[in-house]
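Descriptive structure summary
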Amino acid sequence: MDEARAREVLAAAGVLPGPASEARLLALGENAVFAAGDLAVKVGRDAELLGRARRELAVALWLEEAGVPAVRAAEATALFVDGHPVTVWRRLPEPVRPTEPRDVAALLRLVHELALPSSFELPPRELLGGVERWLRLAGDVIDPADAAYLRERRDGFASAAAALTPHLTPGPIHGDALPRNVHVGPDGPVLIDLETFSADLREHDLVVMALSRDRYGLPAEAYDAFTATYGWDVREWDGCAVLRGARETASCAWVAQHAPSNPKALAEFERRVASLRDEDPEVRWYPF
């Protein structure tokens with residue numbers, strides 16, 4: 001799904017007060033996110049994301065009732081338009097400053113204190129569940145040997161992760177706890193992109209930032225502020241390498257879906273695969 005297709009779906013949904021052509025594109029990944037007036041609209045890449053979109057709306061209501069700062073839904077029901085899920089949200093005010101890792105840690109502490117919701121079920125964190133779909137979307141643009149290599153890694157890390165003994169008590173997690181998924185507005189930090197909320201090892205949320213330190217250039221002092229705010233460093237846990245490897249595998253495959261329409265995505269995918277094959281944990285990866 002490119003921007004043009006997403007705008008077609010947005011127009012067909014009829015959820016904006018003005019023309020879809022005038023909506024501002026905020027992001028284009030698993031979802032295209034548009035903003036217009038006091039609304040933000042997410043258009044899912046394909047029909048497979050409908051269930052996840054419905055669950056994201058349920059999560060938003062649950063977090064609101066629990067008092068956790070998070071994005072709020074403007075419509076309680078997900079639409080299904082021309083094969084794409086569409087959800088409508090209250091637009092957040094402009095950020096007052098960039099998000100820092102410590103902001104993420106503070107919100108994770110709140111989420112990790114929650115009991116499981118009683119009105120709906122959170123699934124396990126299917127960190128590797130999207131690998132097959134992302135590789136399929138990449139098609140023959142990527143080397144078949146690279147796709148086969150990632151599938152093999154996926155299977156190996158899935159088995160290893162299932163055998164882990166956690167340090168923290170399992171429960172609700174965000175699932176993709178990156179600074180880009182926290183918005184710092186006038187009232188403070190709030191969680192956004194709730195679609196990966198799960199019931200699983202809390203360590204999943206903490207490995208994200210450890211990997212950012214090692215792969216994406218997060219300064220050591222910013223990582224230290226994250227662990228100090230949360231109260232624990234996941235790198236002290238002997239299962240950290242397994243969850244890190246699983247996330248690296250998923251992150252590599254995620255980029256692949258963009259390769260057919262973006263040469264920069266293909267170059268980044270090939271960089272990531274090569275570093276995994278070479279077992280080099282310090283090769284710099286770039287956000288995409």
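Below: a short report on this structure. (Residues numbered from 1 in each chain as written. Predicted model: local features only at pLDDT ≥ 70, side-chain atom pairs only at ≥ 80, totals over all residues. Heavy atoms only, no water.)

With six of seven residues buried, strand β5 (residues 84–90) lies mostly within the body of the structure. Pairing geometry for strand β3 (residues 39–44) and β5, over five bridges, is antiparallel. Opposite Val41, over in β5, you have Val88 as the bridge partner. A loop of two residues connects strand β4 (residues 79–81) with β5, the two strands running antiparallel in sequence, and Asp82 in this loop sits at a positive phi of about 50°. (Buried < 20%, exposed > 50% of the residue type's maximum accessible area, 1.4 Å probe, protein only. Helix = DSSP H or I, 4+ residues; strand = E, 2+ residues; numbered from the N terminus. Pairing = 2+ DSSP bridges.)

Looking now at the packing of aromatic side chains. One pass over the structure, following the stated rule, counts four aromatic pairs. Sitting over the ring of Tyr149, Arg277 keeps its end group 4.5 Å from the ring centre. (Phe/Tyr/Trp six-rings, centres within 6.5 Å; stacked < 30°, edge-to-face > 60°. Lys NZ or Arg CZ within 6 Å of the ring centre and 35° of its normal.)

Before going further, it helps to spend a moment on the side chain of Asp200. With respect to the secondary-structure elements, Asp200 resides in strand β9 (residues 198–200). Buried Asp200, no salt bridge; nearest opposite-charge side chain is Arg125, N-O distance 7.3 Å. Residues contacting Asp200, with those up to four places away along its chain left out, are Pro124, Arg125, Pro170, Gly171 and Ile173. (Lys, Arg positive; Asp, Glu negative; His and termini not counted. Salt bridge = Lys/Arg side-chain N within 4 Å of Asp/Glu carboxyl O. Contact = heavy atoms within 4.5 Å.)

This paragraph deals with the sheet that holds strand β2 (residues 31–36). Pairing in this open sheet of five strands is antiparallel, and the strands run β1-β2-β3-β5-β4 from one edge to the other. For this open sheet the edge positions go to β1 (24–28) and β4, each flanked by a neighbour on one side alone. Within the sheet, the average angular offset between the axes of one strand and its neighbour, ignoring direction, is 25°. Contacts from helix α1 (residues 3–13) reach β1, β2, β3, β4 and β5 within the one sheet, and its direction differs from that of β2 by about 55°. Running at roughly 20° to β5, helix α2 (residues 50–66) makes contact with β3, β4 and β5 of the sheet. (Axes fitted to C-alpha atoms, helices over the stretch in contact; angles between N-to-C directions.)

Bridge count between strand β7 (residues 182–185) and strand β8 (residues 188–191): four bridges; the pairing is antiparallel. Opposite Val184, over in β8, you have Pro189 as the bridge partner. Between the antiparallel neighbours β7 and β8 lie two residues.

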